[in-house]
Amino acid sequence: MHALASRLRRLPPSCGPVRLVGVDGHAGSGKSTFAGRLADALDGAPVLHLDDIASHDELFDWTGRLLREVITPFGRGETARYAPYDWHTRRFGPPRDLPPVPVVLLEGVGAGRRALRPHLACLLWMDLPREESWARGRSRDGEEQREFWEGWVLAEQRHFAEDPSRPFADALVRQCGQGYETTDGPAVTPGPDHDITHGDDPTAMC
């Protein structure tokens, strides 16, 4: 984790002075836990959870709001200000400030969407199959969220069919017995006309 954090710190800024790092994957794939541990390795880097940006009415139609409230201010070197959504009361709460620090993690399903990729310094994909991810998510959320999950699965399938993230990931993250392993993602995997090597370092990425 510390090797990955060190690599992220050395990346050039991607959104004003900020190295914006996307952590994407299927719902239930472990994005929040991984992002929290990576934030710790980055000495407390802030994590912007897309669950705070999305809402019941806009499971995936939140791009414009994120661009206005976060991406555009960061691009000017200014503090972002967004209102986190409360999934229990179904309303947006008081505005929250997010300063343009050197590294900010953007965590959630759709963090690597087409409209955001130009602003990302790196895109990490939690490489857990969708059915396994969804099963973990359902188990985590319990029976009271069963109806929500039925709608969510359809919405997520539709989103990734139209705007996939994994093919553009710089690194794939897999949870293992002792922490996590990162390997080159599809975006940097050498093809027949693309002779690039990163050696044997399993954390080589971005």
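So, here is what we can say about the structure in this document. (Residues numbered from 1 in each chain as written. Predicted model: local features only at pLDDT ≥ 70, side-chain atom pairs only at ≥ 80, totals over all residues. Heavy atoms only, no water.)

Overview of the nonpolar core
Okay, step 1: Formed by 34 residues in total, the largest nonpolar core has its most connected members in Leu48, Leu66, Val70, Phe74, Leu98 and Leu106.
Okay, step 2: Of all elements in the fold, only helix H3 (63-75), strand E3 (80-82), strand E7 (103-107), strand E8 (122-126) and helix H5 (146-162) reach the threshold of two or more residues within this core.
Okay, step 3: With five residues, the top contributor of residues to this core is H5.
Okay, step 4: Once residues lying within four places of it in the same chain are set aside, the contact partners of Leu98 are Pro46, Leu48, Val70, Phe74, Thr79, Ala80, Tyr82 and Val104.
Okay, step 5: Counting residues in each nonpolar core, the second largest holds 22 residues, with Leu8, Val23, Leu38 and Ala171 among its members. (Core = buried A, V, L, I, M, F, W, Y, C linked by side-chain atoms within 4.5 Å. Buried < 20%, exposed > 50% of the residue type's maximum accessible area, 1.4 Å probe, protein only. Helix = DSSP H or I, 4+ residues; strand = E, 2+ residues; numbered from the N terminus. Contact = heavy atoms within 4.5 Å.)

Describing the pairing of strand E10 (residues 179-184)
Okay, step 1: As paired elements, strand E9 (residues 171-176) and E10 share six bridges and run antiparallel to each other. What sits directly across from Cys176, in E10, is Gly179.
Okay, step 2: The turn joining E9 and E10, which pair antiparallel and follow one another in sequence, is formed by two residues. (Pairing = 2+ DSSP bridges.)

Structural notes on the environment of Cys122
Okay, step 1: Within the element layout of this structure, Cys122 appears in strand E8.
Okay, step 2: Judged by relative accessible area, Cys122 falls into the buried class, the value being 1%.
Okay, step 3: Residues Cys122 and Ala171, 49 residues apart in the sequence, show an inter-C-alpha distance of 8.1 Å.

Considering the side chain of Asp170
Okay, step 1: Of note, Asp170 is situated in the loop between H5 and E9.
Okay, step 2: For the buried Asp170, no salt bridge is present, and the opposite-charge side chain at shortest range is Arg117, 8.8 Å distant.
Okay, step 3: Looking at Asp170, its side chain comes within polar contact range of the main-chain nitrogen of Leu123, at 2.8 Å. (Lys, Arg positive; Asp, Glu negative; His and termini not counted. Salt bridge = Lys/Arg side-chain N within 4 Å of Asp/Glu carboxyl O. Polar contact = N/O pair within 3.5 Å; in protein donor to acceptor, adjacent residues only side chain to side chain.)

Observations concerning the state of the cysteines
Okay, step 1: Summed over all chains, the structure comprises zero disulfides.
Okay, step 2: Left without a disulfide partner, Cys176 is nearest to the cysteine sulfur of Cys122, which lies 18 Å away. (Disulfide = S-S within 2.5 Å.)

Some thoughts on the sheet that holds E9
Pairing between sheet strands relies on hydrogen bonds along the backbone, with the strands arranged either parallel or antiparallel.
Okay, step 1: Spatially, six strands are ordered E2-E7-E1-E8-E9-E10 in an open sheet, and the strand pairing comes out mixed. This sheet does not close on itself; its edge strands, each paired only once, are strand E2 (47-49) and E10. On average, adjacent strands in this sheet sit at an angle of 25° to one another, irrespective of strand direction. (Axes fitted to C-alpha atoms, helices over the stretch in contact; angles between N-to-C directions.)

Topic: unusual backbone geometry
Okay, step 1: Non-glycine residue Asp43 carries a positive phi angle of around 60°.
Okay, step 2: Along the polypeptide, Asp43 turns up in the loop between helix H2 (31-41) and E2.
Okay, step 3: Its identity as a non-glycine residue notwithstanding, Arg90 has a phi of 60°, on the positive side.
Okay, step 4: Positionally, Arg90 belongs in the loop between strand E4 (85-86) and strand E5 (91-92).

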